[in-house]
2 protein chains.
Amino acid sequence: MAKAERIRIYDVARVAGVSVATASKALNDTGRMTEATRLRVKQTAAALGFRPNAMARALTQNRSFTVGLLTNDTYGRFTLPVMAGINEALVDQGVSVFLCGIEDDAELGAVHVNAMLDKQVDGIIATGKRIDRQLPVDLSGLAVPVVYAFTQGPEGAVTLVSDDAQGARDATLHLTAVGRRRLVHVTGPDSFASVRTRAGAFREVAGDEAPVLHGAWSEAWGHEAVARLWAEGNPPDGIFCGNDQIARGVIDALRERGVSVPDAVSVIGFDNWEIVAAATRPPLTTIDMNLKELGREAGRLILELAEGKPVEPGIRTLPCKLVMRQSCGGATPVADKLEVHQEV
Amino acid sequence: MAKAERIRIYDVARVAGVSVATASKALNDTGRMTEATRLRVKQTAAALGFRPNAMARALTQNRSFTVGLLTNDTYGRFTLPVMAGINEALVDQGVSVFLCGIEDDAELGAVHVNAMLDKQVDGIIATGKRIDRQLPVDLSGLAVPVVYAFTQGPEGAVTLVSDDAQGARDATLHLTAVGRRRLVHVTGPDSFASVRTRAGAFREVAGDEAPVLHGAWSEAWGHEAVARLWAEGNPPDGIFCGNDQIARGVIDALRERGVSVPDAVSVIGFDNWEIVAAATRPPLTTIDMNLKELGREAGRLILELAEGKPVEPGIRTLPCKLVMRQSCGGATPVADKLEVHQEV
DNA sequence: CGTGATTGAGAAACCGTTTTATCAAGACTG
DNA sequence: CAGTCTTGATAAAACGGTTTCTCAATCACG
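Just so we're clear, the structure is a prediction, and the values are computed from it rather than from any experiment.

> I would appreciate a short explanation of the protein's contact with DNA strand C in the present structure.
Taken together, 25 residues surround DNA strand C, and among them Thr22, Thr37 and Thr60 of chain A together with Ile9 and Ser24 of chain B come closest. Here the atoms of DNA strand C within 4 Å of the protein split so that 61% fall in sugar or phosphate, with bases taking the remainder. In the environment of DNA strand C, a phosphate oxygen lies 3.1 Å from a nitrogen or oxygen atom belonging to the side chain of Asn28 of chain B. Within the side chain of Thr60 of chain B, a nitrogen or oxygen atom sits 3.2 Å from a sugar or linking oxygen of DNA strand C. Among the elements of the structure, helix H2 (20-28) and helix H4 (54-61) of chain A together with helix H2 (20-28) and helix H4 (54-61) of chain B are those that each provide at least two residues to the surface near DNA strand C.

Next comes the structure, spelled out in structure tokens:
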């Protein structure tokens, strides 16, 4: 469509019969001039299909309308929803996002950070796959603002995390709400902060004696946990799993044992990884961490920082929400697609 | 670390006792000068920690060292490996990647494309979740080069796809290699070009009469297909599935029926979606589409195009490769992590 | 009606590079 | 030794915008 030569502001000015200075001011709604002139310039620009060269603009304003997103989450399980939220918050402002996957390689991280800085990013958002670990790069003392989303930042940084405690509490409360009394929590390794937080919240609701089983973040561990629980007497009637993969393993194992979900046992997961949660039989009731909203918020914050507005440092906690499907019984099952995309 | 003021080339020039022109040429290995001068400038630049302002550079060279990646694959199943490859090919060249998810929204697509063009991207790579569909944006006649990776481009475009036929052939051959004779193909909807290609290749090897069952791309369909196949007499002893999710459904259904995989039946998938393939019991032998390599190639091509080098248009086909795990028997099972990351 | 304040618009400087054109000095050439 | 060729380096002009000054024309006011 648009071919060869790009329209420059110079062209707009000439056609509109004004100087470039006036044209610039007209288009940016700055400076003083007749409303008529401003309108004429704007219409001319629109008619000519003028799109300002972002590079030139960046050079003078020292703003590139670009932010960098750094992640070490290769599969994108966490990064993609966050990214979607960020983009959503920024696209209207004309801000684009550089995505850089850096594995856990410090050197690669440094390379990418430098590339970003060279490109004059207005800010950097760091995100990861684990809330209690820092990325293998030092982002402190950079000339640009940094926001940490779903990964740990240094003291005094602006950090966004989802509310593990509230999510775990809601999950456990949901189990009690559907009438379960013998609750257990099957979760990941004790070394994860979020595991400890969730386990704490679980016991807050289920009682200090309620069992918590630690293992890997895998379906296999879900199977094994069920084997253990059913080997002892008095198996649970409500299982809160640390993530959806464990939950899937648990549900599969229960079916293999002939234990009905949700009739005999309710199972609830954590993450709302749709690809897993929707494939379990029955579909998994789980906790959604609202990562997209977290991304949106991160986008908003980095923008404010980039514009020089003051942002209070510290950890901001965003609520999780319960997504009801059919693995807990009790509630009316909701159509999957609907529920998942229903968020505001 | 690096604080307040950035070092400009002006500073380097002053300290090195040369003009900015000389400094620029020294650092870019252009122009004529004593080797001594060149070296002195370079050393000064290094000592001062000079990093050129990419915006300013972009303005003169009309190259931003930036490319846009457009995708409609929300889950990142296909996009992320492609992206990883692209980044790998480009990071050494100092090129960064804008990632834009555009769902299937034409308007959103246009917004993002325009944002990219404003930022003077050197090229755009379009990728998607389906090889036979175009993205809902028109990228033809743009001022910048475009490469299509794993998505359909218009006539005469530079397009990269994985070799569905070869992959399907290899999968089927593998089933025969482990001694299977009654083969079936359980795959996705007939409307997908890759489904038809793979089915064709399957029959090429397995015989024209070999059954092909079409359904959804889901575990549920895998279950149902098994139910159907075992309802009739003479069930298959080798099943080639159109993707890993179907394969997982098939394997689960077989276990529920007490049919041993791989003793009684061999199952092979397609995609090598590790999160699925590694979680099936037994782990899934499957076909890897080499998406990362596809991304690398896309990166290389877009770079050549951006540099004005001639690139022959047309469709380039990259080979798939067989990833052996344990669902087919026959071969020595390979440790999962090893196999997956072993690629060159 | 003269004078100071306000308004609308433009000229020019600037942002940090690259690149082109220019130029002085030294190296050949005949 | 005068004239031409190289060579190494520089000044200045881009690149495409934004922003700061400056200034003439209009307006308000006593």
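From this point, the narrative continues.
> Can you help me understand the sheet that holds strand S8 (residues 238-241) of chain B in this one?
One key point about sheets: their strands pair by backbone hydrogen bonds, in either a parallel or an antiparallel sense. Residue and element names in this part refer to chain B. On the basis of which strands lie adjacent, the open sheet formed by four strands has the order S7-S6-S8-S9 and parallel pairing. A strand with exactly one partner marks an edge of an open sheet, and here the two such strands are strand S7 (212-214) and strand S9 (266-268). Here the strands of the sheet are splayed against their neighbours by 20° on average, with no regard to which way each runs. Alignment of strand S6 (residues 183-187) against S8, held across four bridges, turns out to be parallel. Paired with His185 across the strands is Phe240, a residue of S8. In the packing of helix H9 (residues 219-231) onto the sheet, the strands contacted are S6, S7 and S8, and the crossing angle to S6 comes to about 145°. In the packing of helix H10 (residues 244-256) onto the sheet, the strands contacted are S6, S8 and S9, and the crossing angle to S8 comes to about 150°.

> Would you mind showing me how to read the protein's contact with DNA strand D here?
Of all residues adjacent to DNA strand D, which total 25 residues, the nearest are Ile9, Ser24 and Thr60 of chain A together with Thr22 and Thr37 of chain B. Atoms of DNA strand D within 4 Å of the protein belong to the sugar or the phosphate in 58% of instances, the rest to bases. Between Thr60 of chain A and DNA strand D, the recorded distance is 3.3 Å, taken from a side-chain N or O atom to a sugar or linking oxygen. Within the side chain of Lys25 of chain B, an N or O atom sits 2.8 Å from a base oxygen of DNA strand D. Sorting the residues of the surface near DNA strand D by element identifies H2 and H4 of chain A together with H2 and H4 of chain B as the ones contributing at least two each. Across the surface near DNA strand D, the residue classes tally to ten nonpolar, ten polar and five charged.

> Explain the domain arrangement of chain A here, please?
By convention, interface size is frequently given as the accessible area that disappears when the constituent parts associate. Residue and element names in this part refer to chain A. Taken as a whole, chain A is organised into domain 1 (64-162 + 291-318) and domain 2 (164-289 + 322-341). Between the C-alpha centres of domain 1 and domain 2 the distance comes to 31 Å. The interface is formed by eight residues belonging to domain 1 together with ten residues belonging to domain 2. Counting each side, the surface lost to burial between domain 1 and domain 2 is near 840 Å², with a carbon and sulfur contribution of 52%. Looking at the side of domain 1 facing domain 2, the largest losses of area belong to Arg77, Arg130 and Ser162, adding up to 56% of the total buried there.

> Is there a simple way to think about helix H8 (residues 193-206) of chain A in this case?
Because each turn of an α-helix spans 3.6 residues, side chains separated by three or four positions end up pointing in the same direction. Residue and element names in this part refer to chain A. Here H8 is 14 residues long and its end C-alpha atoms lie 20 Å apart, about the 20 Å a rise of 1.5 Å per residue gives. Every buried residue belonging to H8 is among Ser194, Val195, Arg198, Ala199, Ala201 and Phe202, and all of these are buried. Viewed end-on, H8 has its buried residues packed into an arc of 165°, placing them on one side of the element. Each element contacted by the buried residues of H8 is listed here: helix H7 (164-177), strand S6 (183-187), strand S7 (212-214) and strand S8 (238-241).

> Can you walk me through the packing of helix H1 (residues 9-16) of chain A against helix H3 (residues 35-48) of chain A in this structure?
Describing two packed helices takes the angle between their axes plus the distance from one axis to the other. Residues and elements named next belong to chain A. Packing of H1 against H3 leaves a shortest axis separation of 9 Å and a crossing angle of 120°. Relative to H3, the element H1 lies oblique. Note that H1 runs across H3; the crossing there is right-handed. Taken together, the residues of H3 that come into contact with H1 (itself represented by Asp11, Val12, Val15 and Ala16) are Arg40, Val41, Thr44, Ala45 and Leu48. Here the residues of the contact of H1 with H3 are counted per class, giving six nonpolar, one polar and two charged.

> What should I look at first to understand the relation of the copies chain A and chain B in this one?
The pair of chain copies shares a relation made of a rotation about an axis and a shift along it. Structural alignment of chain A on chain B gives an RMSD of 0.2 Å, achieved by rotating through 180° and translating 0.0 Å along the axis. What the superposition gives is, in effect, a two-fold axis relating one chain to the other. Minimal C-alpha distance to the rotation axis in chain A is attained by Phe98 of chain A, lying at 2.3 Å. A symmetric contact is evident, with 96% of the interface residues of chain A recurring at the interface of chain B.

> What is the right way to look at the interface of chain A and chain B in this model?
Contacts between the two partners involve 55 residues from chain A, matched on the other side by 53 residues from chain B. For the chain A and chain B pair, buried surface summed over both sides reaches about 4,400 Å², with 53% attributable to carbon and sulfur atoms. Contact with chain B buries area across many residues of chain A, yet Met55, Tyr75 and Lys119 of chain A alone supply 15% of it, more than any other trio. Where chain A touches chain B, the interface holds twelve salt bridges. Its salt-bridge partner being Glu256 of chain A, residue Arg255 of chain B comes within 3.5 Å of it at the nearest N-O pair. Viewed at the interface, chain B and chain A are joined by 29 residue pairs in polar contact (both at pLDDT 80 or more). Elements with a contribution of two residues or more to the side of chain A that touches chain B: H4, helix H5 (79-90), strand S2 (96-101), helix H6 (106-118), helix H9 (219-231), helix H10 (244-257) and helix H11 (274-277) of chain A.

Parameters at a glance
Residues numbered from 1 in each chain as written. Chains lettered and ligands numbered in written order. Predicted model: local features only at pLDDT ≥ 70, side-chain atom pairs only at ≥ 80, totals over all residues. Heavy atoms only, no water. Near = heavy atom within 4 Å. Polar contact = N/O pair within 3.5 Å; in protein donor to acceptor, adjacent residues only side chain to side chain. Helix = DSSP H or I, 4+ residues; strand = E, 2+ residues; numbered from the N terminus. Pairing = 2+ DSSP bridges. Axes fitted to C-alpha atoms, helices over the stretch in contact; angles between N-to-C directions. Contact = heavy atoms within 4.5 Å. Nonpolar A, V, L, I, M, F, W, Y, C, P; charged D, E, K, R; others polar. Domains from an automatic or database assignment. Buried area = accessible area lost by both parts, 1.4 Å probe. Expected span 1.5 Å × (residues − 1). Buried < 20%, exposed > 50% of the residue type's maximum accessible area, 1.4 Å probe, protein only. Arc of directions from axis to C-beta. Parallel < 35°, antiparallel > 145°, perpendicular 65-115°, else oblique. Left-handed = near helix turned anticlockwise from the far one by under 90°. Least-squares fit on C-alpha atoms with pLDDT ≥ 70 in both. Salt bridge = Lys/Arg side-chain N within 4 Å of Asp/Glu carboxyl O.

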